[in-house]
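The primary structure of each chain is shown beneath.
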Amino acid sequence: MTSVKGYNERHERKDKYFYGKYLYIEKGNPFEVWNTQILDYLLNYSYETYGHLPLVSVVNWIPLDPIEHPTESNIEDEESFFIGIKPNLKKCNENEDMEVFDTYKIKSSFNCFFSSYHVYPYYPDFMNYEFLTEKRPYLAYLKRLKEHHKGQALLIAEFGIPTSRASAHWQVHGWTHGGKNEVEQGRILVEMIKDIEKAKCAGYAIFSWADEWFKVNWLFMKYYLPRDRKPLWFNLQDPEENYGLLEVYPGYPKKIVSLSGELKEWEEAFIAYKNLSPLNKEGEIKSIRLANDEGFLYILVEVSTKINLKETQFFVGIDTGHKEYGEFSFPAGINLISPVGLKFLLHITGKKDSRLLVASSYNKMLSHEKFFSPKGEVFPQKSLAGKWNLILCKTNMRRVTKDFKKLFGPKFYNLSSLRFGSLKPENPDFDSLADFYVKDNLIEIRLPWELLNFSDPSSRKMFWKENDILWKESDGIRVVVISYKPNPFKPPTALKILDFRPNPLEKDKINTYVWEKWEVPSFHTRLKKSYFILQRYLKNEKN
Amino acid sequence: MRKISRRETLKLLLLSSLGSLTSNSLVFSYEEKKAFQEESFPVLLYHEIAYEPLTSYTVTPEEFFSQMEVLYSSGFETLLPQELDSSVAKKIKKVMLTFDDGSYTFLEYAYPLLREYRFKVVMNVIGSKVGKGWFISWDEYREILDEGLLEIGCHSYDFHFPNWSKKLSLKKFEEDLLRFKEEAFKHLKIEITTFSSPFGERLTSEHVKILKKLGFKHIFMSEEETIERTYYNPALNFQFIPRFNLNHYFSLEDFKNLVMKGENL
């Protein structure tokens with residue numbers, strides 16, 4: 001939009017006219033006229049060279065749409081308003097509504113032009129705030145857009161819903177920018193298609209066919225260091241990587257761990273601990289194993305007896321590198337001191353309330369800019385105080401309407417919440433966003449590298465913002481596991497510790513997992529369930 | 001719970017006014033201590049959650065996140081003033097969370113976290129500042145009220161300044177509170193029944209009479225600096241709720257001692 005604005009201003013925003021051989025435009029702004037000229041040239045060339053007159057369009061997107069958006073004010077004016085400086089209400093260059101590229105003005109007596117837009121339900125913010133009371137906000141916007149393009153074919157050239165672990169934008173209807181598994185993706189896509197059809201659009205193209213590892217989202221991009229190695233690894237957290245109907249998943253020819261309770265998948269895994277003479281006591285830890293692929297760290301906790309999370313719960317502490325740094329104390333009344341500095345702590349308490357905590361000083365999401373003074377440093381500082389945090393990311397900033405009369409609060413997403421499920425599609429507990437699975441005496445855990453603050457797992461770089469540095473190479477991963485009996489009267493506190501490993505809790509008793517770096521990633525593909533949901537819908541529609 | 005006699009009540013009142021309770025089996029019987037233990041709990045007061053400026057009214061986001069995790073993982077549940085009468089309130093290990101002023105930092109750092117823990121919170125609002133600059137607007141309060149975790153209290157409409165009780169007549173005091181109630185009802189369609197005295201200024205009996213007349217059931221107290229530890233016992237004094245003012249001078253260890261001691265009296 002800035003480029004469009006810049007172009008129009010360089011040409012003094014004068015209304016122009018262009019009458020080409022196939023296309024013409026009257027009273028167009030300089031950018032609109034330029035596009036018409038280019039398309040007319042394209043049509044000319046095609047006909048003269050190939051004898052063919054194709055349909056042409058230019059892909060537009062909704063921040064440039066020709067509709068006024070009263071909820072979308074200028075960011076600089078918003079910030080002035082918030083600090084008490086009266087804004088200039090006559091200024092009209094709003095950031096997501098700052099420019100107009102009105103393709104309705106492009107006419108063709110040969111009917112070879114159509115308008116097309118990328119329309120996602122969650123961005124910009126006006127897609128929410130102008131339709132808060134609508135039952136179908138996406139449809140409401142499409143109708144307004146189509147009304148403006150009356151009589152002209154309107155294609156929705158791009159729309160989609162990612163199957164990422166994190167959501168990067170809130171949406172009033174729940175059609176968020178991520179945070180949806182593949183079944184939810186399929187269902188929402190079907191609803192969006194229904195809206196596109198109801199709005200009488202000419203057609204649509206779903207984004208996208210396949211997941212893409214090189215793409216980056218605004219929430220995570222500054223932590224990908226170095227950035228040019230991003231294509232070598234997969235981030236399930238990142239919405240931009242996860243739009244596909246075709247899953248592109250690490251490992252070949254299949255997943256190394258499918259979260260299905262199959263111990264044989266762990267036979268080649270690194271053994272962090274193994275109890276050679278288990279006594280089969282409740283909560284007794286039999287083995288701890290680690291594995292990885294291009295997207296995840298996997299942890300197995302094998303217990304001697306069948307696990308009932310109402311009776312036995314677990315802490316799994318993770319030291320992602322540099323053991324002298326991090327949090328050494330545990331919460332919930334666990335009076336033990338970790339032998340190594342923990343950066344993360346899994347708290348497995350049940351299917352619905354299990355979570356991942358981060359050592360407070362390493363909570364990079366608290367240092368996110370855009371508000372007051374962010375934390376200068378983000379690295380795991382030594383602590384015995386038990387400073388553990390939930391990880392929340394901010395998805396939507398505070399906004400104010402153009403007339404500064406109505407405000408909308410910021411929105412956040414919880415990255416700490418762990419999802420229970422299996423990655424096997426035929427398993428009734430299947431959930432493509434599953435973080436952990438418990439079956440019989442096994443707990444299997446899958447954690448995205450980025451969630452563990454790795455900037456580039458392919459070269460073992462962990463995010464580490466201290467003085468002038470932004471990353472450090474990890475010397476390996478160490479894990480501490482505690483099982484305990486929960487206090488039924490004061491959940492989630494511990495009544496009694498059942499077992500802990502290593503035992504005793506000493507540094508030299510812990511094995512370090514140092515994974516192989518890689519230069520060429522391995523991956524395999526699988527059609528997501530959303531593909532089949534869409535297939536069934538489109539088949540039924542046709543019939 | 002067995003009924004406490006007048007003599008026992010006076011003993012407990014004496015001890016609570018001294019602040020921190022020490023285990024003193026010569027003064028209290030086991031039953032008396034147990035009764036107090038079950039009923040007393042800490043009420044916490046926050047203002048700004050921010051990295052800057054660091055003042056007596058600021059807690060950093062890291063500290064706040066760590067404190068709330070301590071409460072959750074230690075088995076605390078939160079309650080609102082309107083829930084004090086409920087039978088559930090007597091059974092749980094409890095804490096009351098309150099904020100004063102209505103700073104936007106509440107929406108940025110506090111409320112998003114509190115809703116993940118399903119922690120309830122009271123926000124005592126300065127009516128005249130609502131929606132101005134970095135104060136939360138009525139729109140934003142409305143957005144989150146439906147989630148059932150927030151109670152709005154009155155922190156004056158427009159007498160949030162030092163020594164207000166000496167500068168403001170009783171008539172103006174009443175008019176100001178009425179104006180706040182009207183504004184809150186107009187924007188949020190709720191009745192306000194909680195009051196927090198600006199700058200923790202002591203109220204006279206006339207002030208209390210007016211508050212009662214206008215339907216305020218609970219009055220939050222606070223000191224500018226925490227001098228004495230005072231835990232709230234609704235069985236002894238339902239209307240006046242003392243609070244601990246949290247700021248960044250509190251370490252996490254201080255915080256744990258504060259909240260746990262309320263349980264382990």
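Residues numbered from 1 in each chain as written. Chains lettered and ligands numbered in written order. Predicted model: local features only at pLDDT ≥ 70, side-chain atom pairs only at ≥ 80, totals over all residues.

Trainee: Would you mind going over the overall build of chain B with me for this structure?
Mentor: When its secondary structure is counted, chain B shows 10 helices and 11 strands. Out of the 265 residues in chain B, the part that is buried amounts to 43%. Of the contacts formed within chain B by residues at least 6 apart in sequence, a portion of 71% connects residues at least 24 apart. (Helix = DSSP H or I, 4+ residues; strand = E, 2+ residues; numbered from the N terminus. Buried ≥ 20, exposed ≤ 12 C-beta atoms within 10 Å, placed from the backbone. Contact = placed C-beta atoms within 7 Å.)

Trainee: What am I meant to see in the overall build of chain A here?
Mentor: Broken down by element type, chain A carries 7 helices and 28 strands. Principal-axis analysis of the C-alpha atoms places the extent of chain A at approximately 85 × 60 × 45 Å. Long-range contacts, defined here as pairs at least 24 residues apart, represent 66% of the contacts in chain A between residues at least 6 apart.

Trainee: Even after reading the chapter, I still don't get the interface of chain B and chain A, so can you show me in this structure?
Mentor: For an interface, size is often stated in terms of accessible area lost upon the parts coming together. Between chain B and chain A, the contact holds 29 residues from the first and 31 residues from the second. Those elements that provide at least two residues to the side of chain B that touches chain A are helix H3 (61–73), helix H5 (105–117), helix H6 (138–145) and helix H10 (252–261) of chain B. No other element matches H3 of chain B, which puts 7 residues into the side of chain B that touches chain A. Its residues assigned to classes, the side of chain B that touches chain A comprises 11 nonpolar, 8 polar and 10 charged. (Nonpolar A, V, L, I, M, F, W, Y, C, P; charged D, E, K, R; others polar.)

Trainee: Hey, could you run me through the domain arrangement of chain A in this one?
Mentor: Residues and elements named next belong to chain A. One can read the domain layout of chain A as domain 1 (2–159) and domain 2 (268–520). On a C-alpha basis, the centroid separation for the pair domain 1 and domain 2 is 45 Å. Among the residues making up the side of domain 1 that touches domain 2, the classes are represented as 4 nonpolar, 2 polar and 4 charged. (Domains from an automatic or database assignment.)

Trainee: Sorry if this is basic, but what is going on with the confidence of the model for chain A here?
Mentor: When pLDDT drops low, the exact placement of atoms in the prediction is not to be read closely. Looking at chain A as a whole, its pLDDT mean stands at 93, while 95% of the residues score no less than 70. Below a pLDDT of 50 lies the segment residues 86–94 of chain A, which in the model reaches 13 contacts outside its immediate sequence neighbourhood of four places, other chains included. (pLDDT = per-residue confidence, 0-100.)

Trainee: Which parts of the structure should I look at to understand the sheet that holds strand E21 (residues 436–439) of chain A?
Mentor: Residues and elements named next belong to chain A. Across the sheet, 5 strands lie side by side as E8-E9-E10-E22-E21; this open sheet has antiparallel pairing. Of all strands in the sheet, those bounded by a partner on one side alone are strand E8 (270–274) and E21. Each adjacent strand pair in this sheet contributes to an overall mean axis angle of 15°, direction not counted. As judged from the 4 bridges shared by E8 and strand E9 (residues 285–292), these two strands associate in the antiparallel manner. Residue pairing across strands places Tyr 273 opposite Ile 288, the latter belonging to E9. (Pairing = 2+ DSSP bridges. Axes fitted to C-alpha atoms, helices over the stretch in contact; angles between N-to-C directions.)

Trainee: Explain H10 of chain B to me, please; I cannot follow it from the model alone.
Mentor: Residues and elements named next belong to chain B. Within H10 the residues assigned to the buried category are Leu 252, Phe 255 and Val 259. The buried side chains of H10 occupy one side of the element, clustering within an arc of 55° when seen end-on. Within H10, the exposed residues directed more than 90 degrees away from the buried face are Glu 253 and Asp 254. On its buried face, H10 sits against H3 and strand E5 (94–101). (Arc of directions from axis to C-beta.)

Trainee: Just checking my understanding: could you explain unusual backbone geometry for this structure?
Mentor: Outside of glycine, negative phi angles account for most residues, and trans bonds account for most peptide bonds. Residues and elements named next belong to chain A. In this structure, Pro 226 follows Leu 225 across a cis peptide bond, with omega equal to -5°. With respect to the helices, strands and loops of the structure, Pro 226 is situated in the loop between strand E6 (203–206) and strand E7 (246–250). Cis rather than trans, the peptide bond between Asn 503 and Pro 504 has omega equal to 5°. With respect to the helices and strands, Pro 504 occurs in the loop between strand E27 (494–501) and strand E28 (523–527). Positive phi, close to 60°, is recorded for Asn 280, a residue that is not glycine. For Asn 280, the position within the fold is in the loop between E8 and E9. Judged by the 9 C-beta atoms lying within 10 Å of it, Asn 280 is exposed.

Trainee: Just to check I follow, could you spell out the sheet that holds strand E25 (residues 469–473) of chain A for this structure?
Mentor: Strands belonging to one sheet form pairs held by backbone hydrogen bonds; the direction of such a pair is parallel or antiparallel. All names here are of chain A. Ordered by their spatial adjacency, 3 strands build an open sheet running E23-E24-E25, and the pairing between neighbours is antiparallel. Of all the strands in the sheet, just strand E23 (454–456) and E25 have a single pairing partner and so form its edges. Taking the axes of each pair of neighbouring strands and ignoring which way they run, one obtains an average angle of 50° across the sheet. Bridge analysis of E23 against strand E24 (residues 461–466) gives 2 bridges, and the strand direction is antiparallel. Bridge pairing links Phe 454 to Met 462 in E24.

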